Every structure is written in C-alpha cells, then in structure tokens.
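# Working through the structure, step by step
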Amino acid sequence: MNIATLRHLILPLGLCLTTSAAESIKVRSAKASSSMAKYPAANAIDGKVSDESRWVSEVSDQPAWLELDLGQRRKLAGIHFFSGYGDKDVVASFKVQFQSDGTWKDIPSAIVSGNTSSAVAVPFDQTVSVDTDKLRLWITAPAKGSARVKEVVVWPSEVGDLPKIAGGTQAGIAQSQIVPLYLNQSGFNLGKPKRFTAPTLTDGTKFVVRSAKGGAALAQGTLKNHIGDFSSFNPEGTDEYVVEAGGLVSVPFRIGQWWLERVTYQGAVDFMIDSRHYVGNEKVACPGSFGWRDDHHFGWELHTLVPQYLSNPSAYERMPRQVRYVKPSDPKLWGALEPPSENAPDLVKLIHWGADVIVTQKLGHEHLKAQLAYFLYAWPALEPWLPAQNYKAVHDYAFATWTAPESDRKYPYDESDDHNLLALKTRLGTTKGCLPPGFSVQPNLLMHEVARRENRPDAGLYFDAAFKQADWMVKNLDWNDPLTTKGQRMSEFLTVTGLAHFLKEYPDRAPKGLAAKINEWAKVLIRRSDNLWDFRKLDDHDKWTPMGEKPQMWNEPGNVVGLPAPILAAVPFISDAKTKQRLEELVWSHFDGMFGRNPVGRHFSFDAPREVEGVEYGWFKFYPGGIGRLAEARFVIDGSPKNAHYPYHPEVGDIGWTEGWIQFNAAYNLSLSYLAWSETAIEAKASGDQLPIRLTAPLNFDYAKAESATVVVTTDSGDRELVTLTEDGPNARTFSGRIKLAPGKPASKGDGTLQGKTSAQASYGFGYLGHSSTATF
C-alpha cells in the first residue's frame, strides 16, 4: 500500500488514517542499529504497512534505533508509528529524537512507554519546535529483544494537528500510566470547589497540595470516602500545583480566575463552527441532518447557542471572526434569511445559520420549530448584527406553524405524537434523548414574551400552554424514575431549566407546588451523587450510567457535561443552605468529570491534550466516520466512562460506544451559559454627575492584560448608551467604567452622555439570563 493512498484506505488490523489536505513527507533514506537480512531499515519507509515489508532488528538486550533522513529541513507535526507482527509483539517503549546542531534531542511529547497498540499517532507538541532534516527512533523495549517496525510516516507542520489513526491510539496515554489521583487535569476556578478522588488509598490518608516545582505544602487535608477537598486553597498567580497522597503525585494543574471558561469558551464555539452541515469543515450532505451534521430534529442548537450569547455577550463579541457567509449552493437548503453583518460575532452567525436552515427548509418538527422561539425572544440583543428581514422571516414562519399538528416529513428517531407546541405533552421519551419531559415549557414562555412585546392578542395562549405543561409535570413526574432525569441522557437539561425559568420569570403565576418539585429533584440528585466521584448515578442501586442491548447504548458524556445547567437554574429556589452548598459541589464535580475526575482519568475529548490547556490524557479514541463526520472537528466531546467502569474499574479499558455528537456539545454550551449567569453581577449607583458601573462576569481570560466589557445603559426618558468597562487590573474579577449624567435634557442616543429624568438602568446580557441594576439621580 502506497503512502499516497494511505490516508484514505483501510489498513491492516482495521486501521485507517483520516483525510488530510497536506501530504506526508517522503523520507529519503533510513538506517538502523541492526537489521535482519530479510527486513532492512528501508522497509520502514517504503509506504507499505504489512508484516512482509517491515524493519526487524537483530535480537539484542541493547536499545535499537532507526534513523530517518528527510532529505531537507522541515518543521514537523509528528509521526505515525506502526509496529509488531500482526497485532502482537508491538514496540512497548520508545522515544523520538530530532537532530539539531549535530546532536540528538528528545521530543518531550514523543516519549512513549507501556504501549500496547500496533498503530500509534505521536504528535510533537509545542514544548519544542521540531525543525530538522533527521529523526531517530530510540527503542528501549522491543518485543522479545527485536524491534519490529512496519512503517514510520512523517508529517509536516502544514497539516496542523497531526492526522489521527482511526482505531489506533495516541502516544503516551496507556491506562497504566495514569496516576490514580483523579482530578481536573487542566485546573480549577478560584473560589470554587476543588476536589479529587483517590480510589486506591484508604480513608484518613493525608494529602498535601504543593507547587509542581516542589517546596513546602501549601494546603493539606485527609481523605474521606476516597475524596480529598482543598476548596479553601485559592492562591494568586499562575503557578502549577500537584496533589500528593500515599506516595502518589497527581498531574499538574492550575488555579485561576474563571479557569474553566478561559480554557473552553473558544473551543465551544469552534466545535459549532466546524460541525455545521453543508458549510462546516465537511461540505458533504449528511442524512438526517439539518443545520448541523447528525443533529436530526433534537440537536437543541438554538436552545443553547442563544443562551450563550444572552448570558455573556462581551466574551463572544471579542472573539476572532472565523465564519464567513457562504451563498447557498441550493436555495432550498438555506438562504431565506439575508446574510448577517460581516462583523457579527461568530456566535451570532451560528444563531443566524440555525434559524436560516429551519425557515428555508420549512422544517415542521416541533423541536425544530421550538428553536425559533429563542431567536425571536433574543432579537433585541441580536438586532445590531442582523437585517430586519431576518426577524420577519423567522417570526412569520414560527407563528404560522407553531400549532400545526403534522410534521413536514418523517424524522429518524421521532417519538413525538403531535407537533402542535400548544398541546399538552404527556409521553416520556426513551433514552435516545429525543423527547424529554417538559421540552415545550421554555419555548412557549419565550413565545409568550415575544407576543407580549408585539401586543399580539394570542399572547396568553403560549403562557397557558406552558402553565398546563408545568402543572402536569408537578403532578405526574416521579423523580425516582430514572427516565425522568438521567435516563434522558444529554437532553435532560430541558426539563428542569424549563421549570426553573417559569418560577424565576413568573413567581406569582407559577403552578402550585413548582418550587417544592424543584427541591424534590435536588434531593434525588444529591442522594444519587453520594459516592467517591460525586457523580450522579442513574438510580439508587447499582446502575451508574444508562446501558442497552446494542453496542451504541449508550454513550452519555452529554448528560455529564449538561447537568450543571439544570443545577444552576434550580439553585435560587432551593430552600436549604446545606443543599445549596452540596449542589455547588456537584456542579463542579461534573465539570471536573469531563476533565479527568472519573474512573479512567481521561478527558472526554480525544483531542483534549492538544486543544485544551493543561490536559495530559484524552479519551481512548475518536469515531472516524458516522453521519456527523466529526473526526477533524475541534473540541469534540467523544466519550465518557460506562457503567462497567464504576465504581472503579479502569482495567476494563476502552469499552462501549465512543462517538462525538452535536447534542453533547450543545449540552455543555448550556452549562457554560448558566454558569455565566450564576457568576455575573452588575452594580450602578449615581455619584454627582457621573454614573459609575461595576460588572463581575467571566471575562478575565488573559491574566496578563486588562480586558474590557460592554454594558447597556438606558434611562426613563428613552436614552440608550453603550458603556465600555475596563478590567480592574490585569488579573481581576471586576470591570469598571462610568458615564456622564445629564438629567432633564432630551434623550440623544449614542452621544456619550446619559439623558434621563430620575433613573437609569445598567444591564449586561439580556432577558432571563441577563443582569441589571437601577440607579436613581
């Protein structure tokens, strides 16, 4: 098999390389420490991956080496390394070196031990720039004293991230290498819970936290239920730290302002950009897909993208612009909405894209129609970036089809009985996640607000539908039934966020018993999370995660990363202080679970070591194909531990189904939204002829410089001004600014002074996820 076709065809052992636009490097020559006569060094670079064409060293108790002459100096991304005989006798330990100024230098990310795979992708990370004309593989653990290398493929830096080997592994992440002190590999937010799990150590074992460079203990404690807690440790600076306990040392991590948001906000948007249907990083048409690849009718994209923008607009407005409008190749696919402003934030362009596809294709499923409620509700925040025609097109389609009982087509996995969104929904969907209880509550409440804003006579119909649905849920849902909670997998978040929205926005009109229902949900959640991982189980017995009779049943990372959203939505209505404290721990334990505090110690994304700052160990593998075609998308949430991994069985290794899905990332996006909402506060108080404003929000992502934020100030006379706030120091939690007051003068928008009668309101964000402060003068 030739290298020219290697990236597109199935290799021996069921392996294949994913497609890359750049070609691998044709290595000029190879030489070795020794070679068997039939298996010379040249076989390792001949473009063939087979047992018949490989390099085999002579048997020796000394290290073997293979040197590659590239023929010219190139900057490199990494190598693909194929070894063994069949799938046995693989090279277990080796390192890759490069020649610089006549000497061989180790590549830190390319030191491999405990390897059990015949195909290993070895990326060269950014700790050293590998710019060379020679590489050397130094093999310290050949099988039975003889190195067996089928092929070495060298990739130039032009490919970007090293192409993956589908079915192969990434170097350096053998399960045995992961130290059983499991915590968030990247880091922790200042002032938030910081917990880890030590399943192999006995309760009462002492632990310390110290600088990764060594030195005195900076925090200490003892294990209880295999959990260590150092939440009170909130250091200044950007040092790395480690936990030490029972002779074990954890991976290094950092603690900083808004750390989780800092390392994932951009990635969350990047995924949504790449995974778009037709115009993302894959341009092919995918079955069962609409706005995003493999979304079906329950991708919940606008349910989650809109809240991201409403909760923390400045964070997304200051991001680099990647999205460019693409004219439709077929006007039946998209184009009913005029293009957004070229300078619109990528997040706004994604929202526009989702609405455009639904309206253009006239999608009639109730879940897809429901997405449009978020667009219409958020219009005052979106309007600066989008043409007025967009609102009319979405508005007319949504109101015209909202009560239509029939769908426009047959949708795979459809469990809906009736597509009239004003109808009462009493059916509980399956663990596929396509019919969660109460999915219509929030969309109807949003449509109610849109109708009120327009003084429509039917505004009450939408509220009444939401009320009837919420009332039915209060009276009929049994939180002890897993199918009402975790059994809905990644779609569970819709249930409680909808109920909490009702209680927050309409406390005096909410169904009787709604607050108590939310408190009951919290009690069940806490009861099922009483374990060494602070992980909410499926039930009160031995079921930790949903499982089924097919291999695809079930991969559930979306449920784990989406759980913080309903918890944060529910917290304001929890009556007991200890319950609130425990819920905060569970918010962060589930974020930490994504980052490695789980029975296998791995981040849920295969690519996390290259894409997320501070992560050492990514998921076992990625899914190379599928409808979603996410192999080359960024920030894919690939997999999570299965039932058999719990309570602690890392030895079972890579089991069950792994495949990224738009729905998993959408759930995480909503958790980011509610996290921003819960962390934001704004204060405005007149002082003389000035209105000082102070904002607390997750916006400090660059610890070395003072960043900025924009708030909206409106007055009782109709004036509206944008005020830029500046971070109170290069690494602060707050942003401050002021605007000059001109009370009594006629309103004049945009002139930099604030005209009003007696009051002004400063706001950040919008609607149910916004915050405001009113000042009198």
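Preceding block: the structure.
Residues numbered from 1 in each chain as written. Predicted model: local features only at pLDDT ≥ 70, side-chain atom pairs only at ≥ 80, totals over all residues. Heavy atoms only, no water.

### Some thoughts on the overall build of the protein chain
This is how the line gets drawn: By definition, any uninterrupted DSSP run of H or I lasting at least four residues is a helix, any uninterrupted run of E lasting at least two residues is a strand, and each is numbered from the N terminus. What the globule rule says is 2.2 Å times the number of residues to the power 0.38, and the radius of gyration is computed from C-alpha atoms. Classification of residues uses two cut-offs on accessible area relative to the type maximum, computed with a 1.4 Å probe and protein chains only: under 20% is buried, over 50% is exposed, and between them is partly exposed. Residue contacts follow a heavy-atom distance rule, with two residues in contact if any of their heavy atoms lie within 4.5 Å. Each accessible area value is a Shrake-Rupley result obtained with a 1.4 Å probe; residue values ignore everything except the protein chains displayed when judging cover. The sign given to each residue is positive for Lys and Arg and negative for Asp and Glu; His and the chain ends receive no count. For charged residues, the charge sits on one atom: NZ in Lys, CZ in Arg, CG in Asp, CD in Glu.
Of the regular secondary structure elements, the protein chain holds 17 helices and 28 strands. Its C-alpha atoms give the protein chain a radius of gyration of 28 Å, near enough to 28 Å, the size a compact globule of 777 residues would have. Principal-axis analysis of the C-alpha atoms gives the protein chain an extent of 90 × 60 × 55 Å. Put simply, the protein chain has 777 residues, and 61% of those count as buried. At a minimum sequence separation of 6, the contacts of the protein chain that also span at least 24 residues come to 69%. Accessible surface, the protein chain: about 29000 Å² in total, of which carbon and sulfur atoms supply 51%. Side-chain charges of the protein chain comprise 83 positive and 88 negative groups, with the mean position of each set lying 0 Å from the other.

### Focus: the packing of helix α2 (residues 259-274) against helix α17 (residues 662-679)
Condition: Fitted lines through C-alpha atoms serve as axes, helices being fitted only where they are in contact, and the angles separating the N-to-C directions of these axes extend from 0 to 180 degrees. Orientation is classified from the angle alone, with under 35 degrees giving roughly parallel, over 145 giving roughly antiparallel, 65 to 115 giving roughly perpendicular, and any other angle giving oblique. Here a crossing is called left-handed whenever its near helix is offset anticlockwise from the far helix by less than a right angle, and right-handed whenever the offset is clockwise. Following the grouping adopted for this structure description, the nonpolar residues are Ala, Val, Leu, Ile, Met, Phe, Trp, Tyr, Cys and Pro, the charged ones are Asp, Glu, Lys and Arg, and the polar ones are all others, Gly among them.
Packing of α2 against α17 leaves a shortest axis separation of 10 Å and a crossing angle of 140°. Classed by the angle they form, the pair α2 and α17 counts as oblique. Judged by the twist between their axes, the crossing of α2 over α17 is left-handed. Residues Leu-260, Glu-261, Thr-264, Tyr-265, Ala-268, Phe-271 and Met-272 of α2 form the contact with α17, whose participating residues are Ile-662, Asn-665, Tyr-668, Asn-669, Leu-672, Leu-675 and Ala-676. For the contact of α2 with α17, a count of residues per class yields 10 nonpolar, three polar and one charged.

### Focus on empty space enclosed by the protein
The test is simple: Definitions used throughout: a 1 Å grid over protein atoms alone; a cavity as a set of points that fits a 1.4 Å probe which cannot get out; a pocket as an open set with protein on both sides within 12 Å along at least five of seven lines; a lining residue as one with an atom within 4 Å of a point. Grid points are joined across faces, edges and corners, and a volume is the space filled by probe spheres set on the points.
This structure, assessed with the given rule, holds 11 cavities of 30 Å³ or more. Of the volumes computed, that of the largest cavity is approximately 120 Å³. If you go around the largest cavity, the residues you meet are Arg-276, Val-279, Val-323, Arg-324, Tyr-325, Val-326, Trp-334, Pro-340, Lys-349, Leu-350, His-352 and Trp-353. Split by residue class, the lining of the largest cavity holds eight nonpolar, one polar and three charged. Along its surface, the second largest cavity is lined by Thr-497, Ala-500, His-501, Lys-504, Ala-569, Phe-573, Tyr-674, Trp-677, Tyr-768 and Leu-769.

### Regarding the state of the cysteines
For the record, the criterion: We call a pair of cysteine sulfur atoms a disulfide when they lie within 2.5 Å.
What the rule picks out here adds up to zero disulfides. Cys-434 forms no disulfide, and the closest cysteine sulfur to it belongs to Cys-286, at a distance of 20 Å.

### Quick notes on unusual backbone geometry
Cis geometry is adopted by the peptide bond preceding Trp-554, which originates at Met-553 and carries an omega value of -5°. On the secondary structure map, Trp-554 appears in the loop between α12 (514-527) and α13 (557-562). Non-glycine residue His-226 carries a positive phi angle of around 65°. Looking at the element boundaries, His-226 is found in the loop between β16 (217-222) and β17 (227-229). A relative accessible area of 24% places His-226 in the partly exposed class. You will see that Trp-300, though not glycine, has its phi angle at about 55°, which is positive. By the element assignment, Trp-300 lies in the loop between α2 and α3 (301-311).

### Here's the deal with the packing of aromatic side chains
Heads up, the condition is: The criterion for an aromatic pair is that two Phe, Tyr or Trp rings (for Trp, the six-membered ring) have centres within 6.5 Å, with stacked assigned to planes under 30 degrees apart, edge-to-face to planes over 60 apart and tilted to the rest. Only when the NZ atom of a Lys or the CZ atom of an Arg is both within 6 Å of the ring centre and within 35 degrees of the ring normal do we say a charge sits over the ring.
Scanning all chains against the criterion turns up 40 aromatic pairs. Ring geometry for Phe-635 versus Tyr-668: centroids 6.1 Å apart, planes at 50°, classification tilted. In this pair, Phe-635 is assigned in the loop between α16 (608-611) and α17 and Tyr-668 in helix α17, connecting sequence segments 33 residues apart. When sorted by exposure, Phe-635 lands in the same class as Tyr-668, which is buried. Site record: aromatic cluster; members linked through ring pairs are Phe-188, Phe-196, Phe-207, Phe-230, Phe-233, Tyr-241 and Phe-253. The aromatic ring of Trp-258 is capped on one face by Arg-733, whose charged end is 4.0 Å from the ring centroid.

### A few points about the pattern of salt bridges
What counts, and what does not: A side-chain nitrogen of Lys or Arg and a carboxyl oxygen of Asp or Glu constitute a salt bridge if their distance falls within 4 Å.
On inspection of all chains with the given rule, the structure shows 41 salt bridges. When the shortest N-O distance is used, the salt bridge between Asp-133 and Lys-134 registers 3.9 Å. According to the relative accessible area criterion, Asp-133 is partly exposed, its value standing at 26%. Notably, a salt bridge pairs Asp-417 with Arg-427, separated by 3.0 Å at the nearest N-O pair. Here the residue Asp-417 occupies a position in the loop between α8 (388-401) and α9 (441-453), and Arg-427 occupies one in the loop between α8 and α9, the gap between them amounting to 10 residues. Under the relative-accessibility criterion, Arg-427 is labelled partly exposed at 40%.

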